[in-house]
Amino acid sequence: MSRRARWLLIALTACASSAAAQGVPPADWPMPGRDHALTRFSPLARLTPATVAGLKPLWTFGTGNLAGHEGNPLVVGGRLYLLTPWPNVLYAFDLDRPGDPPLWRYAAPTRGPTLSGCCDLSNRGLGWRDGTLYLPLFTGDLAAIDAATGKERWRVRVGDPATGATLQGAPLVAGDVVVVGVGGGEFGVRGYLSAHDARTGRALWRGYSTGPDTEVLLEGPATLAYPSHAARNLGTSTWSADSWARGGGATWGWLSYDPDLDLVYHGTGAPAPMNPLQRIGDNKWTASILARELRTGRVRWAVQLTPADRWGYDATNENILTELSVGGRAVRALVHFDRNGFAYTIDRVNGRILVADKYGPANWARGVDLRLGVPEPDPATAGEAGALRGICPSLHGMKGFQPAAWSPETKLFYVPLNNVCMDLTPSAATFTPGRAFLGATVRLAPGPGGNLGRFIAWDAVTSSIAWEVREPFPVLGGALVTAGGLVFYGTLDGWFKALDATTGRELWRFRAPSGIVGNPISFSAPDGRQYVAVVAGVGGWPGLALSAPASAGPTAGLGAVGLLGGLRDQTNPGGVLLVFGL
């Protein structure tokens, strides 16, 4: 039997047994989180704690791009697809011929000379459906590309980088609908989620994060369980004057989907600017999680995690869908590790917060009132004139865009973290489209213990840390967990690591040519072997520390220069795809 025939047999067997991961063949990784639930769990088990020491790099590919590589490749039907940061280039590789040049490349056209971006020109991934790849292009377009030939099928305008509304987040493709969000909250962009017909690109709906209910796509109370969420038009009434119109709430984070409920789950960014005196009120629906109907965009429920967010926390982190026992009752759960330092377990049917506990040092709040569904800020952390001193976590979050993973075998979540605190001083901000609309100066400092990063295994049933690894730098690479009992993640100083999923013991490491802010994947090629891949290429907000001029002060780059100056001696920018196997 040929290698191709063996691979086809694996794929066909997987299609006949799809319960493990929403119908995804074990050989493939066809979505950003591998499945719509964003578990980042691979059912492949040929790599184990006993064999992983033999893992070696088998082939590599340099992208020639110096921006942050914050996403991951997709693997479908024996091909690997990789999308680079701006200027966005898509490559296709034949896994039956590892190490060969790309089968084809698609170079995205640019739209005009004006580009805006907060921290980098990065990209967090692409989508796939029935032979078509869906690309979020930094310049504001969503493109559909023929996976066989690399030819463009359609391209539609979604954002406008001249105003700061860029496309960096990975799209969600479900059925015949593709959904994508926009970045730009730091420019005062009014965030929205946009849905399109996957076959033609035709716009289906657009749901805003702020504004009247008709534009948010709310037809009734957002969440009857909480009084502060039940009135109409909270997207305008909880803002001073018309500040909602430039109020942030960007939607650049990860998107998940429950096919049984037919709901898309997404977070929204922090309100703009960071100076709360310019937007007095709760500022709904920023720093919130929303559940929208896939085909209409109508909000089924919404819950705000950080009202009047003056810390810059956002709620854009991934929402992992699974079934958990809460108080002895089985729950269709949404688990969310928020940037504000609380790990939330939410009933994904109705939006009720069931559990909210700290998963690290978070001194800005005493806790979350589950009866009211709101946090209880600690007044002792506020300084004079609205300045904040020694606040943990920082505005970069206890966890940022780096996605966690969930194992149905160990029942643990594997979470890459920052351990960074901040001083924040509000300032007046003037709104000009396409210009920074921050309204604060930030100085960063190491969190408790002095290390800047952590990697933990979290038990959501007991709200406890099963094990923890400390890292010298923030851990901005995502997590991968496999059925073989392994957890993989990368570090800013360029180490790619494999740990025992049960104990956290390090079993293997490899020094990558650049720091890792991307997310590892595992797949099986036509030869039937299991592989692990990751894209190295430091960037994002840590990249500001590498690119800043020598004269830059410690608060430059959102505080990155003062915190991560030592990173210059550890790594260099530059995108490289690394594929490992036994």
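Residues numbered from 1 in each chain as written. Predicted model: local features only at pLDDT ≥ 70, side-chain atom pairs only at ≥ 80, totals over all residues. Heavy atoms only, no water.

## Describing the environment of glutamate 293
Here is the rule we go by: The helix count covers DSSP runs of H or I at least four residues long, the strand count covers runs of E at least two residues long, and both are numbered beginning at the N terminus. With a 1.4 Å probe rolled over the protein chains alone, any residue whose accessible area is under 20% of its type maximum counts as buried; one over 50% counts as exposed, and the rest are partly exposed. In this analysis, two residues are considered to be in contact whenever any of their non-hydrogen atoms come within 4.5 Å of each other. Distance and chemistry together define a polar contact, namely a pair of N or O atoms within 3.5 Å, with one atom able to donate a hydrogen and the other to accept it when in protein, and with adjacent residues in sequence counting only for side-chain atoms on both sides.
Examined against the element boundaries, glutamate 293 turns out to sit in strand S17 (residues 288-293). By relative accessible area, which is 15% here, glutamate 293 ends up buried. Spatially, the C-alpha atoms of glutamate 293 and serine 325 are 26 Å apart, while their sequence positions differ by 32 residues. If near-sequence neighbours (up to four positions away) are discounted, glutamate 293 is found in contact with Trp205, Asp262, Leu263, Arg298 and Arg300. A polar atom in the side chain of glutamate 293 sits 3.3 Å from the side chain of arginine 300.

## A short note on the side chain of asparagine 65
If you trace the backbone, asparagine 65 turns up in the loop between strand S2 (56-62) and strand S3 (74-76). With relative accessibility at 9%, the residue asparagine 65 sits in the buried group. A distance of 3.1 Å separates a polar atom in the side chain of asparagine 65 from the backbone oxygen of proline 85. With near-sequence residues (within four places) excluded, asparagine 65 lies in contact with Thr84, Pro85, Trp86, Pro87, Gly574 and Gly575.

## Some thoughts on the pairing of strand S9 (residues 141-146)
Counted only if it meets this: Strands are treated as partners if at least two bridges between them are detected by DSSP.
Counting buried residues along S9, 6 of its 6 residues qualify, which places the element largely inside the surrounding structure. Residue alternation in S9 divides its side chains into two sets, Asp141, Ala143 and Ile145 and Leu142, Ala144 and Asp146, and both sets are buried. Between strand S8 (residues 132-136) and S9, which follow one another and run antiparallel, lie 4 residues, and glycine 140 among them has a positive phi close to 105°. Relative to strand S10 (residues 152-157), S9 runs antiparallel, the two sharing 5 bridges. Looking across to S10, one finds that alanine 144 is bridged to tryptophan 154.

## Section: the nonpolar core
The following threshold applies: The set of buried Ala, Val, Leu, Ile, Met, Phe, Trp, Tyr and Cys residues whose side-chain atoms join them within 4.5 Å is what this entry labels a nonpolar core.
Ranked by internal contacts, the top residues of the largest apolar core, which has 71 residues, are Phe337, Phe413, Trp458 and Leu564. For this core, the element with the highest residue contribution is strand S20 (residues 329-337), accounting for 5 residues. Once residues within four sequence positions are removed from consideration, tryptophan 458 is found in contact with Phe337, Ala343, Lys358, Tyr359, Leu412, Phe413, Val415, Ser463, Ser464 and Ile465. Judged by nonpolar contacts, the second largest core, of 52 residues, contains Leu133, Leu486, Ala498 and Val579.

## Notes on the sheet that holds S3
Basically, it comes down to this: Axis angles are defined between N-to-C directions and span 0 to 180 degrees, where every axis is a line fitted to C-alpha atoms and, for a helix, only to the segment in contact.
Taken in spatial order, the 4 strands line up as S3-S4-S5-S6 in an open sheet, and their pairing is antiparallel. The open sheet terminates on both sides in strands that have one partner only, identified here as S3 and strand S6 (104-107). Going across the sheet, the axis of each strand differs from the next one's by a mean of 20°, ignoring polarity. Bridge count for strand S5 (residues 89-94) against S6 is 4 bridges, and the pairing is antiparallel. By the bridge assignment for S6, leucine 90 is matched with tyrosine 106.

Remember, this is a structural readout, not a statement about activity or role.
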